[in-house]
Amino acid sequence: MKQARPTIYDVARECGLAASTVSRTFSNPARVSPATRELVQAAADAIGYEPRPLARAEAPGRIRVLTLVVTDISNPYYATVIKAAQSRAIERNFTLALTDSDESARLEANNLRQLLATTSGGILATSRLSDEAVRQIADYRPLVMINRQVEGVPSLVVDTAAGMRKAVRHLAVLGHRRIAYLSGPRNSWINGQRWQAVRDEASQLDIEVSFLGPFAPNRKGGEDAADALVLGKVSAAIGYNDLIAIGALQRLRATGVRVPDDLSLIGCDDIFGADLTVPGLTTIAGPADKLGSYAVDVLHARLSGHGDGPGSLTLDSHMVIRGSTGPAGR
């Protein structure tokens, strides 16, 4: 009869530690002390335990590859994040592996399972995974979140919620009293933050605000949003991102709605091309390049044993006012 292969539970019994500590030692050794690593490895050697591939791949200094997951590589916003992350990865002697989840939590999870088996850590940009799924993955590999917060996982967030509040105040100054929020994906954490900020600020300023969507966070989604706007009775709209706002702007112009004479529009992210629309798009901007470079710094700190890096870092946003916003009813 073939003898069963030893498990982490056997190793735990051998060295007198919790199975979770043994698992962490193999999957994320930077999170345990050198003494614990030596104790666990000695116990594993004594009983002939071989860690599974996902855990075995990780060893500080051996694998110099980081995984970056973006939700839609065709969104120009991510180009800035990717370039900055790659530049900093090169400085830190890492290679950056890139994957596109195509706005699908299932595809994101599948890609991570494959890539994290042979990389040291992951950067999840605007992840669509559940909090629990993120925490489970973080038990196997160091992670850092971009524009998403999950308790227990380092995060880097541009405060676009504050930017949304500025956008509502900007529209209020221009005399707008009925506005709409063009929602992105419902399973987007940052979308929820932006909508809540719009709703709360509008309430304080006694402005009526309607929620339209959700829409796909691309130009086609923006075209659909424009059709919904035409049926509504608002004088201004704030889009979840620039792509939705740009798609809406182009559709409105094609149907004879004048921007900003008939309707003002605001986007978010200040992507490449936001200043090239006619009229130029008023938007909320933030340091996307810092998100990419800081994310690599956080992972490098954790992998090198120099600390976990910031638990959470929030970067300021600001408004860029262009021609797509103007006085109400002019």
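Residues numbered from 1 in each chain as written. Predicted model: local features only at pLDDT ≥ 70, side-chain atom pairs only at ≥ 80, totals over all residues. Heavy atoms only, no water.

An unreviewed UniProt entry annotates the chain as LacI family DNA-binding transcriptional regulator originating from Saccharopolyspora endophytica.

Trainee: It is not clear to me how the packing of helix 1 (residues 8-15) against helix 2 (residues 19-27) should be interpreted in this structure. Could you clarify?
Mentor: One way to put it is that helix 1 packs onto helix 2 with a least axis distance of 8 Å and a crossing angle of 110°. Between helix 1 and helix 2, the interaxial angle falls into the category roughly perpendicular. Along its contact with helix 1, which presents Ile8, Tyr9, Val11, Ala12 and Cys15, the element helix 2 presents Ala19, Val22 and Ser23. Among the residues making up the contact of helix 1 with helix 2, the classes are represented as 7 nonpolar, 1 polar and no charged. (Axes fitted to C-alpha atoms, helices over the stretch in contact; angles between N-to-C directions. Helix = DSSP H or I, 4+ residues; strand = E, 2+ residues; numbered from the N terminus. Parallel < 35°, antiparallel > 145°, perpendicular 65-115°, else oblique. Contact = heavy atoms within 4.5 Å. Nonpolar A, V, L, I, M, F, W, Y, C, P; charged D, E, K, R; others polar.)

Trainee: Explain the environment of Ser293 here, please?
Mentor: Checked against the element boundaries, Ser293 lands in helix 12 (residues 288-303). Classification of Ser293 as buried rests on a relative accessible area of 10%. Sequence spacing of Ser293 and Gln114 is 179 residues, and the spatial spacing of their C-alpha atoms is 24 Å. Here Ser293 is in contact with Ala84, Ala85 and Arg88, once residues within four sequence places are set aside. Of note is the side chain of Ser293, whose polar atom sits 3.4 Å from the backbone oxygen of Lys290. (Buried < 20%, exposed > 50% of the residue type's maximum accessible area, 1.4 Å probe, protein only. Polar contact = N/O pair within 3.5 Å; in protein donor to acceptor, adjacent residues only side chain to side chain.)

Trainee: Which parts of the structure should I look at to understand helix 3 (residues 34-47)?
Mentor: Helical geometry: 3.6 residues make up each α-helical turn, so side chains three or four residues apart lie on a common side. Over its 14 residues, helix 3 extends 20 Å from the first C-alpha to the last, a length consistent with the 20 Å expected when each residue adds 1.5 Å. Lining the buried residues of helix 3 we find helix 1 and helix 2. Gly48 sits one or two positions beyond helix 3 and adopts a positive phi of about 75°. (Expected span 1.5 Å × (residues − 1).)

Trainee: Whenever I open this one, the sheet that holds strand 8 (residues 236-239) confuses me. Can you help?
Mentor: Two orientations exist for strands paired in a sheet by backbone hydrogen bonds: parallel and antiparallel. What the 4 strands build is an open sheet, ordered 7-6-8-9; its pairing is parallel. At either end of the open sheet lies a strand with only one pairing partner, and these are strand 7 (208-212) and strand 9 (264-266). Each adjacent strand pair in this sheet contributes to an overall mean axis angle of 20°, direction not counted. Here strand 6 (residues 178-182) pairs with strand 7 via 5 bridges, running parallel. Its bridge partner being in strand 7, Ile179 is matched across the sheet by Val209. Relative to strand 7, helix 9 (residues 189-204) is tilted by about 160°, and along the sheet it contacts strand 6, strand 7 and strand 8. Packed onto the sheet, helix 10 (residues 219-231) meets strand 6, strand 7, strand 8 and strand 9 and runs at close to 155° relative to strand 6. (Pairing = 2+ DSSP bridges.)

Trainee: When you look at the pairing of strand 3 (residues 121-125) in this model, what are you seeing that I'm missing?
Mentor: Within a regular strand, side chains alternate between the sheet's two faces. For strand 3, a buried count of 5 out of 5 residues is recorded, marking the element as mostly surrounded by other parts of the structure. Taking every second residue as pointing to the same face, both faces of strand 3 are buried, with Gly121, Ile123 and Ala125 on one and Gly122 and Leu124 on the other. Taken together, the 4 bridges between strand 3 and strand 4 (residues 143-146) define a ladder with parallel strand orientation. Bridged to Ala125 within strand 4 is Ile146.

Trainee: Got a minute to help me understand the nonpolar core in this structure?
Mentor: Ranked by size, the top nonpolar core spans 37 residues in total, and within it Met164, Ile179, Leu182, Val198, Leu229, Ile238 and Leu265 carry the most contacts. Of the residues forming this core, the biggest block, 6 residues, is contributed by helix 8 (residues 160-173). Beyond its immediate sequence surroundings of up to four residues, Ile179 is in contact with Val168, Leu171, Val198, Ile207, Glu208, Val209, Ser210, Val234, Ala236 and Ile238. The next biggest cluster of nonpolar side chains, apart from the first, holds 31 residues, and it includes Val144, Ile271, Ala274 and Ala295. (Core = buried A, V, L, I, M, F, W, Y, C linked by side-chain atoms within 4.5 Å.)

Trainee: For this particular structure, what's the right way to read the confidence of the model for the chain?
Mentor: Caution applies to low-pLDDT parts of the model: their predicted coordinates are not meant to be read in detail. For the chain, per-residue confidence averages 90 on the pLDDT scale, and residues scoring 70 or more make up 93% of the total. Note that residues 54-61 has pLDDT below 50 and, in this model, 23 contacts with residues that lie over four places away or in other chains. (pLDDT = per-residue confidence, 0-100.)

Trainee: Honestly, the side chain of Asp72 in this entry has me stumped. Any pointers?
Mentor: Structurally, the position occupied by Asp72 is in the loop between strand 1 (65-70) and helix 5 (76-91). Buried charged residue Asp72 carries no salt bridge. Nearest counter-charge: Arg128, at 8.3 Å. Only 2.6 Å separates the side chain of Asp72 from the side chain of Ser74, close enough to count as a polar contact. Here Asp72 is in contact with Tyr78, Asp100 and Glu103, once residues within four sequence places are set aside. (Lys, Arg positive; Asp, Glu negative; His and termini not counted. Salt bridge = Lys/Arg side-chain N within 4 Å of Asp/Glu carboxyl O.)

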